[in-house]
Amino acid sequence: MRTHLLAAAEHTPPHASPDSYCRIRGSELDHGRHSIALIAHEEPIGKDLIDHVIQADLPDRKDGWREQLGVRSLTGDTFEVACLPFFTQGICHRDVVTVDDDQVVTAVVHKSGHQTIRVALVMKNQDDRDQVRELIQVKVTETGLPHEWLHVTYLAVDLPPGSDAGSLVQLLKHLSQTRNLYWEIDS
């Protein structure tokens, strides 16, 4: 389902403001020679631990998108992820990563055992999207699992080792049958 989640991010999500803080926005790197789009987190689950921001390339995107990740510094180029990646595959909450001189992730050096459920709401009608979002929010709240929303359209849910997301997964399976959303579990 990875292709679907990235395809759902093809355009700026509904309600996105180009000048809003921690939203999808364009950026100029290397003094204007290379433009990228940055996906940043609005309310990262580990915001009290974050002391640094790094970036992860989204190689499935043709137009140079990156996701900003809030992290906790461990050593010079080693960081613990303190947010829930919305689009970055293979990186989950509390994984330890290294970065290059440009602060872009180069490798995962330690897996935390956490998994991430990612959801993209794709219905065009705002009332329908709001209704589905509310159904999912109620279920996520019932599970007690940490989660983040991006533009009320994208959801990332943390699955710590031993957690039970069975009821949430059942709801997502049901909703995805009507093509209202795409979802995946990443580890």
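These notes cover the structure that comes with them. Only a predicted model underlies this, so the values are computations on that prediction, with no experimental measurement involved.

1. So, the packing of aromatic side chains
Inspection of the entire model under this criterion finds 2 aromatic pairs. Considering the side-chain rings of phenylalanine 86 and phenylalanine 87, the 6.5 Å spacing of their centres and the 45° angle between planes classify their relative orientation as tilted. By relative accessible area, which is 3% here, phenylalanine 86 ends up buried. Measuring from ring centre to ring centre gives 5.2 Å for phenylalanine 87 and tyrosine 154, while their planes differ by 70°; the resulting arrangement is edge-to-face. With phenylalanine 87 in the loop between strand E5 (78-81) and strand E6 (96-99) and tyrosine 154 in strand E10 (residues 154-159), this pair connects stretches of sequence that are 67 residues apart. The two residues phenylalanine 87 and tyrosine 154 agree in class, both being buried. One aromatic cluster in this structure is built from Phe86, Phe87 and Tyr154. Lying over the aromatic face of tryptophan 149, arginine 133 brings its terminal NZ or CZ to 4.1 Å of the ring centre.

2. Details of the pairing of E10
Among the 6 residues of E10, 6 are classified as buried, and the element is accordingly described as predominantly covered. On E10, burial covers both faces: Tyr154, Ala156 and Asp158 on one face and Leu155, Val157 and Leu159 on the other are all buried. In this sheet, E10 lies alongside strand E8 (residues 115-121) in antiparallel orientation, the contact comprising 6 bridges. Each bridged residue has a counterpart across the sheet, and for glutamine 115 the counterpart in E10 is leucine 159. With 4 bridges connecting them, strand E9 (residues 147-150) and E10 associate as antiparallel partners. Paired with leucine 150 across the two strands is tyrosine 154, which belongs to E10. Connecting E9 to the next strand, E10, in antiparallel fashion are 3 residues, including histidine 151 with a positive phi near 55°.

3. Let's talk about the pattern of salt bridges
Any two side chains of opposite charge can pair if their charged atoms end up close together. Under the counting rule described, the total for this entry stands at 8 salt bridges. Ionic pairing is found between aspartate 186 and arginine 118, a salt bridge with its closest N-O pair at 3.1 Å. Pair noted here: aspartate 186 is in strand E11 (residues 181-186) and arginine 118 is in strand E8, with a separation of 68 residues, a long-range link. Both residues of the pair, aspartate 186 and arginine 118, belong to the buried class. One salt-bridge network, in which partners are shared between bridges, spans Arg72, Glu80 and Arg94.

4. Digging into a negative patch on the surface
A grouping of Asp77, Asp100, Asp101 and Asp102 is seen on the molecular surface, where their side chains present a negatively charged patch. Here aspartate 100 is to be found in the loop between E6 and strand E7 (105-110). Under the relative-accessibility criterion, aspartate 100 is labelled partly exposed at 30%.

5. Notes on the environment of leucine 168
The residue leucine 168 is located in helix H3 (residues 166-177) in this model. Between the alpha carbons of leucine 168 and threonine 141 there is a distance of 9.9 Å; along the sequence they are 27 residues apart. Excluding anything up to four places from it in sequence, leucine 168 contacts Ile117, Ile136, Lys139, Val140, Thr143 and Val157.

6. Topic: the nonpolar core
Most often, soluble globular proteins keep nonpolar side chains buried together rather than apart. Core analysis: the largest hydrophobic core is formed by 20 residues, its most contacted members being Ile117, Val119, Leu121, Ile136, Leu172 and Leu181. Within the residue set of this core, elements represented by two or more residues are E8, helix H2 (126-143), E10, H3 and E11. The element that contributes the greatest number of residues to this core is H3, accounting for 5 residues. Look past the residues within four positions of leucine 172 in its chain and what remains in contact with it is Ile117, Val119, Ile136, Leu181 and Trp183.

How each quantity is defined
Residues numbered from 1 in each chain as written. Predicted model: local features only at pLDDT ≥ 70, side-chain atom pairs only at ≥ 80, totals over all residues. Heavy atoms only, no water. Phe/Tyr/Trp six-rings, centres within 6.5 Å; stacked < 30°, edge-to-face > 60°. Buried < 20%, exposed > 50% of the residue type's maximum accessible area, 1.4 Å probe, protein only. Helix = DSSP H or I, 4+ residues; strand = E, 2+ residues; numbered from the N terminus. Lys NZ or Arg CZ within 6 Å of the ring centre and 35° of its normal. Pairing = 2+ DSSP bridges. Salt bridge = Lys/Arg side-chain N within 4 Å of Asp/Glu carboxyl O. Patch = residues over 30% accessible without salt bridge, like charges linked within 9 Å, V, L, I, M, F, W, Y side chains within 5 Å. Areas by Shrake-Rupley, 256 points an atom, 1.4 Å probe, with all protein chains shown as cover. Lys, Arg positive; Asp, Glu negative; His and termini not counted. Charge placed at Lys NZ, Arg CZ, Asp CG, Glu CD. Contact = heavy atoms within 4.5 Å. Core = buried A, V, L, I, M, F, W, Y, C linked by side-chain atoms within 4.5 Å.

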